[in-house]
Amino acid sequence: MQLSDSISTVKGIGEKTEKLFHKLGVYTIEDLIRTYPRTYIEYTEPVSVNSIRPGVRCAIRAKVVTNIEVKKPRRMTIVSFSVSDGTGSVRIVFFNSPYIRSVIRKGDSYVFVGTPKVKGNFIVMEMPEYYELRKYTSLKSVMQPVYPLTAGLTSNTIRKAVKEVSYLIEGMDDILPKDILNEYGLMPRGQASFNVHFPRDMEELKKSIKRLAFDEFLSFLYDIKILRENCIRKENAHPVGKDAAGKLQEFIGSLPFELTKGQKDAVSDIITDMTGPYTMNRLIQGDVGSGKTVVAEAALYVNYLAGYQGALMVPTEVLAVQHFKDLSKVFSGTGMRISLLTGSLKDKEKKDIKKKLLDGEIDIVVGTHALIQDSTDWKNLGLTVIDEQHRFGVNQRKKLSMKGNAPHTIVMSATPIPRTLAMIIYADLDVSLISEMPMGRKRIMNCVVGTSYRPTAYKFIGDEIKKGHQTYIICPMIEENESSDIENVIDYSYGIKDWFGSEVRIEYLHGKLSEEDKIKILERFMDGSIDILVSTTVIEVGINNPNATVMMIENAERFGLAQLHQLRGRVGRGDAQSYAIFIDTKESEESKERLSVLENSNDGFFIAKEDLRLRGPGDFFGIRQSGDMPFNIADIYNHADMLKMAQDIILKYSDRISFKDTKLAETTI
Ligand code: ADP
Ligand code: MG
């Protein structure tokens, strides 16, 4: 067997399991080995019931003291019973697991592992793991990997499959020769991969994760290096004359606001680049709401005046539509011909637009990934802009800048990164930083509250709606699911429709709707025909409705702080006072402390740092920062030292790095 073999050759993986693995993107043995655990659990000594704390995962050893009760409300099956250890009792509840009835017996003792919570007068543990006493003793004190799952595939299945191929792991080729590994004190790659799947102790595990993070950085920086060699310091093929730059002042003067200092500086950096001798490669970095769009518009405008075409690429169709409309409005009266190119257009429409791009009949195109397809090309592309760049991989960025004849490139991002790290990650780019918010913005007012606060929040939202403002409410899930604690968009909107009555217009939005429906709903939200938009995090990037003043987030404890900050950034975009309400369903000490960071700060940079500080020692991978960076294991904050090391090795030894037997280079970006 070798790494490139199909996973179907692994003992125990039949056709059905193979399909499930495919859903996780796992096709070969190497993919399997690169399916790293999400986290690890340690089975700890059981605690007595009277000492358990709500919201804190624990094990209890207790006897089943009641009958096993089965109820069938709606489409569900609920199995429940009480257990006691003499110091207190706990109600155990299982959803949609009818078989529990035949495996748990009244009068027997078991170990239950789960997160207890208080419901009325009871302590409840929902969907705990359960073990016979002897079995638990054998599990205790071994760190068990927990893998990312897809429905039908259990951590256990993955664990077994990895075990089958474990003999291949340690012998994996390294991407660096031994002497360099020794010089930098790096663990061999095979050994690190092995340890991550079968950790023996914490110290070793940490070292192994660092090594794998290092590999991701190295391959990322390697790509950046190639990108830089291809793109940077090319002669300026699209020079902008001084007169075009002069006319830009008219455009800026026509805006309904004065640019901030950061915006002015960014625009002036851009003009210097575009009138200069080399192709521009510039990053505009600014927190959510700092006004990056208008800077891009200024650049697109001078580019147009100089006689070139421009392209604006964004990660989602909804954002494309929004930018398209925004640009159409801002540039109305200039004669500029603006088009939209997205995946969901009809084939004929796409063809038509592509033809016009080639013929030079479109001045600016706004679009999604459709812009980097091979079949898309321009007559005279002078400038490409990439918004929310962290959503795109290095290769996608490269593809767009390879279009046309060395166009200028602007990428925009809100990801806060310390300067030293930014210089490494963005080695191929010059950086303009917008560090202040537009004047007159009122600071968003925040509150973190428990679920009992909901009626007050709804009253407050009702008052905002009476003032003509709009509200977002975010739920983590789309549909009903097994845990009654996690809110879902569909049931939630029915629930609040009852509360608010028919005069408040409520609609919901989520990622599974068709692009067409998503766009229609967002359009109605933008033009004020929807008062409350209940949504999943699909609205997270870029959406700009300055009339929305309340962002309420259900199950806030389930999101990473940086993601919550992005979500909150959807409000506070106009003159009116805006509010963020974070509902903490768990109300544990830990979630309170974490969320209080948001309550006390609106500064993305500070929040990212705090997020890191607050991660517990067992929290190896942190809460995923929602696609912020194209890494699987690596985290630029947590593994900053590895990033610097990778940078050093790229500078010193780039010709001795070998990605030949590994897919690492393509899969991490
Ligand atoms: P982001 O940086 O998050 O992409 P946007 O470019 O969408 O932010 O801008 C957010 C809002 O701020 C928009 O409604 C925009 O019109 C407005 N805006 C941008 N610059 C200024 C400014 N200098 N003064 C007042 N409002 C501004
Ligand atoms: Mg934006």
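Residues numbered from 1 in each chain as written. Chains lettered and ligands numbered in written order. Predicted model: local features only at pLDDT ≥ 70, side-chain atom pairs only at ≥ 80, totals over all residues. Heavy atoms only, no water.

It is worth spelling out the overall build of the chain at this point. Secondary structure assignment for the chain yields 24 helices and 23 strands. Relative to the globule expectation of 26 Å for 669 residues, the C-alpha radius of gyration of the chain, 27 Å, shows essentially globular dimensions. The principal-axis extents of the C-alpha atoms in the chain amount to approximately 90 × 70 × 45 Å. Relative to its 669 residues, the chain shows a buried fraction of 54%. Nonlocal contacts in the chain, meaning residues at least 24 apart in sequence, comprise 72% of its contacts between residues at least 6 apart. Element-wise, carbon and sulfur atoms account for 50% of the exposed surface of the chain, whose accessible area totals about 30100 Å². Across the chain, the 89 positively charged side chains and the 88 negatively charged ones have centroids separated by 3 Å. (Helix = DSSP H or I, 4+ residues; strand = E, 2+ residues; numbered from the N terminus. Rg over C-alpha atoms; globule rule 2.2 N^0.38 Å. Buried < 20%, exposed > 50% of the residue type's maximum accessible area, 1.4 Å probe, protein only. Contact = heavy atoms within 4.5 Å. Areas by Shrake-Rupley, 256 points an atom, 1.4 Å probe, with all protein chains shown as cover. Lys, Arg positive; Asp, Glu negative; His and termini not counted. Charge placed at Lys NZ, Arg CZ, Asp CG, Glu CD.)

This brings us to unusual backbone geometry. Positive phi values are uncommon outside glycine, yet Arg74 reaches one of about 45 degrees. If you trace the backbone, Arg74 turns up in the loop between strand 3 (69–71) and strand 4 (78–84). Not every positive phi belongs to a glycine, and Asn555 is a case in point at roughly 50 degrees. The exposure class of Asn555 is buried, given its relative accessible area of 1%.

Right, let's talk about the pairing of strand 5 (residues 89–95) for a bit. Looking along a regular strand, one sees side chains alternate from face to face of the sheet. Counting buried positions along strand 5 yields 6 of 7 residues, so the element is predominantly enclosed. As paired strands, strand 4 and strand 5 are joined by 7 bridges and run antiparallel to one another. The residue bridging Ser82 from the neighbouring strand is Arg91, located in strand 5. Count of turn residues in the strand 4/strand 5 antiparallel hairpin: 4 residues, of which Gly86 carries a positive phi of about 90 degrees. Pairing between strand 5 and strand 8 (residues 122–126): 3 bridges, direction parallel. Looking at the pairing, Arg91 lines up with Val124 of strand 8. (Pairing = 2+ DSSP bridges.)

Below, the discussion takes up the packing of aromatic side chains. Following the criterion strictly, the structure yields 16 aromatic pairs and no others. With a centroid separation of 4.9 Å and 45 degrees between ring planes, the pair formed by Phe194 and Phe198 is classed as tilted. What makes Phe194 buried here is its relative accessible area of 15%. An aromatic cluster is defined as three or more aromatic residues linked by ring pairs; in this entry it consists of Phe81, Phe94, Tyr110, Phe112 and Tyr130. (Phe/Tyr/Trp six-rings, centres within 6.5 Å; stacked < 30°, edge-to-face > 60°.)

Turning our eyes to something else, we now look at the nonpolar core. The biggest cluster of nonpolar side chains holds 72 residues, and the ones touching the most others in it are Leu248, Ile410, Tyr472, Ile539, Ile553 and Leu564. If you tally residues by element for this core, the top one is helix 12 (residues 293–305), at 9 residues. Excluding residues that lie within four positions of it along the chain, Tyr472 makes contacts with Phe525, Leu533, Ile539, Ile543, Asn545, Ala548, Val550, Met551, Met552, Arg570 and Val571. Of all hydrophobic cores here, the second largest spans 64 residues; its members include Tyr36, Phe392, Val411 and Tyr637. (Core = buried A, V, L, I, M, F, W, Y, C linked by side-chain atoms within 4.5 Å.)

This brings us to the environment of Met1. Checked against the element boundaries, Met1 lands in the segment before helix 1 (15–23). Overall, the relative accessible area of 45% leaves Met1 in the partly exposed class. Expressed as a C-alpha distance, the spacing of Met1 and Gly528, which sit 527 residues apart in the sequence, is 60 Å. Ignoring any residue separated from it by four or fewer positions in sequence, one finds Met1 in contact with Thr9, Ile29, Tyr167 and Leu168.

In this section: the sheet that holds strand 15 (residues 381–386). Ordered in space as 13-14-12-15-16-11-17, the 7 strands form an open sheet in which the pairing is parallel. Pairing within the sheet leaves two strands with one partner each, and these edge strands are strand 13 (338–341) and strand 17 (430–434). The sheet shows a mean angle of 20 degrees between the axes of neighbouring strands, direction not considered. Sheet topology places strand 12 (residues 309–313) next to strand 14 (residues 364–367); 4 bridges connect them, and they run parallel. Counterpart to Gly310 in the pairing with strand 14 is Ile364. Contacts between helix 15 (residues 394–402) and the sheet are confined to strand 12, strand 15 and strand 16 (408–413), with strand 15 contributing the most and set at about 160 degrees to the helix. (Axes fitted to C-alpha atoms, helices over the stretch in contact; angles between N-to-C directions.)

The next point concerns the environment of Glu30. Along the chain, Glu30 turns up in helix 2 (residues 29–33). Spatially, the C-alpha atoms of Glu30 and Lys264 are 49 Å apart, while their sequence positions differ by 234 residues.

Right, let's get into the state of the cysteines. If you walk through the whole model with that rule in mind, you get 0 disulfides. Unpaired in terms of disulfides, Cys447 finds its nearest cysteine sulfur in Cys475, a separation of 16 Å. (Disulfide = S-S within 2.5 Å.)

Counted as a void, the second largest pocket has a volume near 1400 Å³. Lining the second largest pocket are 44 residues; nearest its centre among them are Phe257, Asp326, Asn544, Pro546 and Arg573. At the level of elements, helix 12, helix 13 (317–330) and helix 19 (515–526) are the ones that each hand at least two residues to the lining of the second largest pocket. Sorting elements by how many residues they give to the lining of the second largest pocket places helix 13 first, with 8 residues. (1 Å grid on protein atoms, 1.4 Å probe; cavity = no way out; pocket = protein on both sides within 12 Å on 5 of 7 lines; lining within 4 Å. Points joined across faces, edges and corners; volume = space filled by probe spheres on them.)

Around ligand 1, a shell composed of 17 residues is seen, among which Glu258, Gly289, Thr293, Arg441 and Arg573 lie nearest. Between ligand 1 and Gly289, the relevant distance is 2.7 Å, taken from an oxygen atom to a main-chain nitrogen or oxygen of the residue. Note that an oxygen atom of ligand 1 is positioned 2.8 Å from one of the side-chain N or O atoms of Lys292. Its free accessible area being 570 Å², ligand 1 has 84% of it covered by the protein chains. Here ligand 1 is seated within the second largest pocket. Looking at side-chain class alone, the shell around ligand 1 contains 5 nonpolar, 7 polar and 5 charged residues. (Near = heavy atom within 4 Å. Polar contact = N/O pair within 3.5 Å; in protein donor to acceptor, adjacent residues only side chain to side chain. Sits in = over half its atoms within 2 Å of the grid points. Nonpolar A, V, L, I, M, F, W, Y, C, P; charged D, E, K, R; others polar.)

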